[in-house]
Amino acid sequence: MQEPFSPGSTARVELIVTDADTAQAIGSGDVPVLGTPRILALAEAATVAAIARQLPDGTTTVGVRIELDHRAATPVGRTVVARARLTEVDGRRLLFAISVTEGGSTVAEGRVERLLVDRQRFIERAGGSS
């Protein structure tokens, strides 16, 4: 496959925190604040959006590695913004810097690595159907 990506692509995704997004609701803790798994899902959504228009036909990306520092609690009702920037392309390997903020504060930051794959072949190997 050709390398359709070059570093610098960005995207942002917003979320208004609801009760369903809390650590209590998703089972990652017992406090009513934005849960770490929900932050991770939001950050991954930003990485997907950052390269969506550049994906060659028949391909997709899958997450393979995540480093995430969850730095601050976010209560229900607040809006968080996840930003992703493609920082490195190494063949099929794509590395993103991610940050999640609320107002002027950093809620989380880290890195997400995704791998470019043939969509149909990946689904077949996983034992699913399209």
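The structure contained in this document is the topic of the report that follows. (Residues numbered from 1 in each chain as written. Predicted model: local features only at pLDDT ≥ 70, side-chain atom pairs only at ≥ 80, totals over all residues. Heavy atoms only, no water.)

Description of the nonpolar core
Part 1 of the reasoning: Among the nonpolar cores identified, the biggest contains 24 residues, and F5, V80, L86, L94, F96 and V100 are the most heavily contacted of them.
Part 2 of the reasoning: Of all the secondary structure elements, the ones that give two or more residues to this core are β1 (10-16), α2 (36-51), β3 (79-90), β4 (93-102) and β5 (105-118). (Core = buried A, V, L, I, M, F, W, Y, C linked by side-chain atoms within 4.5 Å. Buried < 20%, exposed > 50% of the residue type's maximum accessible area, 1.4 Å probe, protein only. Helix = DSSP H or I, 4+ residues; strand = E, 2+ residues; numbered from the N terminus.)

Quick notes on the side chain of T61
Part 1 of the reasoning: Relative to the helices and strands, T61 resides in strand β2 (residues 59-70).
Part 2 of the reasoning: In this structure the side chain of T61 is engaged in a polar contact, spanning 2.8 Å, whose partner is the side chain of R114.
Part 3 of the reasoning: In this view, T61 contacts I51, L55, L94, R114, L115 and L116; residues no more than four positions away in its chain are not counted. (Polar contact = N/O pair within 3.5 Å; in protein donor to acceptor, adjacent residues only side chain to side chain. Contact = heavy atoms within 4.5 Å.)

Considering the pattern of salt bridges
Part 1 of the reasoning: Overall, the coordinates contain eleven salt bridges when judged by the stated rule.
Part 2 of the reasoning: Residue R71 pairs with D69 through a salt bridge whose shortest N-O separation is 3.4 Å.
Part 3 of the reasoning: The partly exposed category is assigned to D69, whose relative accessible area is 41%.
Part 4 of the reasoning: E102 serves as the salt-bridge partner of R78, at 3.5 Å between the closest nitrogen and oxygen. Of the two residues, R78 is situated in the loop between β2 and β3 and E102 in strand β4; the sequence distance between them amounts to 24 residues.
Part 5 of the reasoning: By relative accessible area, R78 is classed as partly exposed at 39%.
Part 6 of the reasoning: Taken together, the salt bridges that share partners define one network made up of R65, E88, D90, R93 and E113. (Salt bridge = Lys/Arg side-chain N within 4 Å of Asp/Glu carboxyl O.)

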